[in-house]
Amino acid sequence: LFDEFSEDVSYKQRYLDQNAFLVYYTQGFDGPGRPRIDNDEPEAVKMTQQFGFRNEGWIAIDDARSEVDFILESSQAGKIESPRDLIKALDAAKTAINNYLSLAPPDVLDEAERKLNR
């Protein structure tokens, strides 16, 4: 799911990532008469959002798995743990996934929903 609607990382973005120190200290200068290399193009902004939401989703899912393991281990030891942290992690995962999907093409989401509701 998370890679289905993510923009590919562009050559420019790879360059910026690999040369962040240089870009920072030259303040994005890319030569006389050329625009700054670090300007925010719409594709770059969308890609940053997609990867951010994807990473937030995976972190929240991992947190939820850890909470399930903790609850199961506690119950085997005879302790009853509150599912509060599990619910919090699942809510964070849901929010991240919804934010990620909000950037997907609406027609694709509509088609997926129709297939789920069959």
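Refer to the structure above for everything that follows.
Note that the structure is predicted; figures quoted are calculated from it, not measured.

Asks: Looking at this structure, how should I read the overall build of the chain?
Replies: Regarding its fold elements, the chain presents five helices and zero strands. Ordering the α and β elements of the chain from the N terminus gives α-α-α-α-α. Per-residue burial over the chain gives 21% buried out of 118 residues. Within the chain, contacts between residues at least 6 apart in sequence are counted, and of these 68% link residues at least 24 apart. For the chain, the computed accessible surface area is about 9100 Å², with 54% contributed by carbon and sulfur atoms.

Asks: Hey, could you run me through the pattern of salt bridges in this one?
Replies: Between side chains of opposite charge, a pair can form when the charged atoms approach closely. Per the stated rule, a full pass over the model turns up one salt bridge. Across the pair Glu111 and Arg114 runs a salt bridge whose closest N-O atoms are separated by 2.7 Å. Placement of the pair is Glu111 and Arg114 together in helix 5 (residues 106-116), with a separation of three residues, close to one helical turn.

Asks: How should I be thinking about the side chain of Glu67 in this particular structure?
Replies: Tracing the sequence through the fold places Glu67 in helix 3 (residues 42-76). Here Glu67 is buried and forms no salt bridge, its nearest opposite-charge partner Arg84 lying at an N-O distance of 8.7 Å. Look past the residues within four positions of Glu67 in its chain and what remains in contact with it is Asp85 and Leu86.

Asks: What exactly am I supposed to notice about the packing of helix 3 against helix 4 (residues 84-101) here?
Replies: Each pair of packed helices can be described by the angle between their axes along with the distance between the axes. Interaxial distance between helix 3 and helix 4 falls to 8 Å at its minimum, and their mutual angle equals 160°. Judged by the angle between their axes, helix 3 and helix 4 are roughly antiparallel. Relative to helix 4, helix 3 is oriented so that their crossing is left-handed. Packed against helix 3, whose contacting residues are Gln50, Phe53, Arg54, Glu56, Gly57, Ala60, Ile61, Asp63, Ala64, Glu67, Val68 and Ile71, the element helix 4 presents Asp85, Leu86, Ala89, Leu90, Ala92, Ala93, Ala96, Asn99 and Tyr100 at the interface. For the contact of helix 3 with helix 4, the residue count by class is 13 nonpolar, three polar and five charged.

Asks: What is the right way to read helix 4 from this model?
Replies: Because an α-helix completes one turn every 3.6 residues, residues spaced three or four positions apart along the sequence face the same direction. With 18 residues, helix 4 extends 26 Å from end C-alpha to end C-alpha; this agrees with the ideal 26 Å at 1.5 Å per step. Turning to helix 4, its buried residues are Leu86, Ala89, Ala93, Ala96 and Tyr100. Buried residues in helix 4, looked at end-on, bunch into an arc of 95°, giving them a common side. More than 90 degrees from the buried face of helix 4, the exposed residues found are Arg84, Lys88 and Lys94. Of the surrounding elements, those touching the buried residues of helix 4 are helix 3.

Asks: Would you explain helix 3 in this entry?
Replies: For helix 3, built from 35 residues, the straight-helix expectation of 51 Å at 1.5 Å per residue is met to within 8% by its first-to-last C-alpha distance of 51 Å. Turning to helix 3, its buried residues number three or more, namely Met47, Gln50, Phe53, Arg54, Gly57, Ala60, Ala64, Glu67 and Ser74. Once helix 3 ends, the next one or two residues include Gly78, with phi positive near 85°.

Reading guide: rules and limits
Residues numbered from 1 in each chain as written. Predicted model: local features only at pLDDT ≥ 70, side-chain atom pairs only at ≥ 80, totals over all residues. Heavy atoms only, no water. Helix = DSSP H or I, 4+ residues; strand = E, 2+ residues; numbered from the N terminus. Buried < 20%, exposed > 50% of the residue type's maximum accessible area, 1.4 Å probe, protein only. Contact = heavy atoms within 4.5 Å. Areas by Shrake-Rupley, 256 points an atom, 1.4 Å probe, with all protein chains shown as cover. Salt bridge = Lys/Arg side-chain N within 4 Å of Asp/Glu carboxyl O. Lys, Arg positive; Asp, Glu negative; His and termini not counted. Axes fitted to C-alpha atoms, helices over the stretch in contact; angles between N-to-C directions. Parallel < 35°, antiparallel > 145°, perpendicular 65-115°, else oblique. Left-handed = near helix turned anticlockwise from the far one by under 90°. Nonpolar A, V, L, I, M, F, W, Y, C, P; charged D, E, K, R; others polar. Expected span 1.5 Å × (residues − 1). Arc of directions from axis to C-beta.

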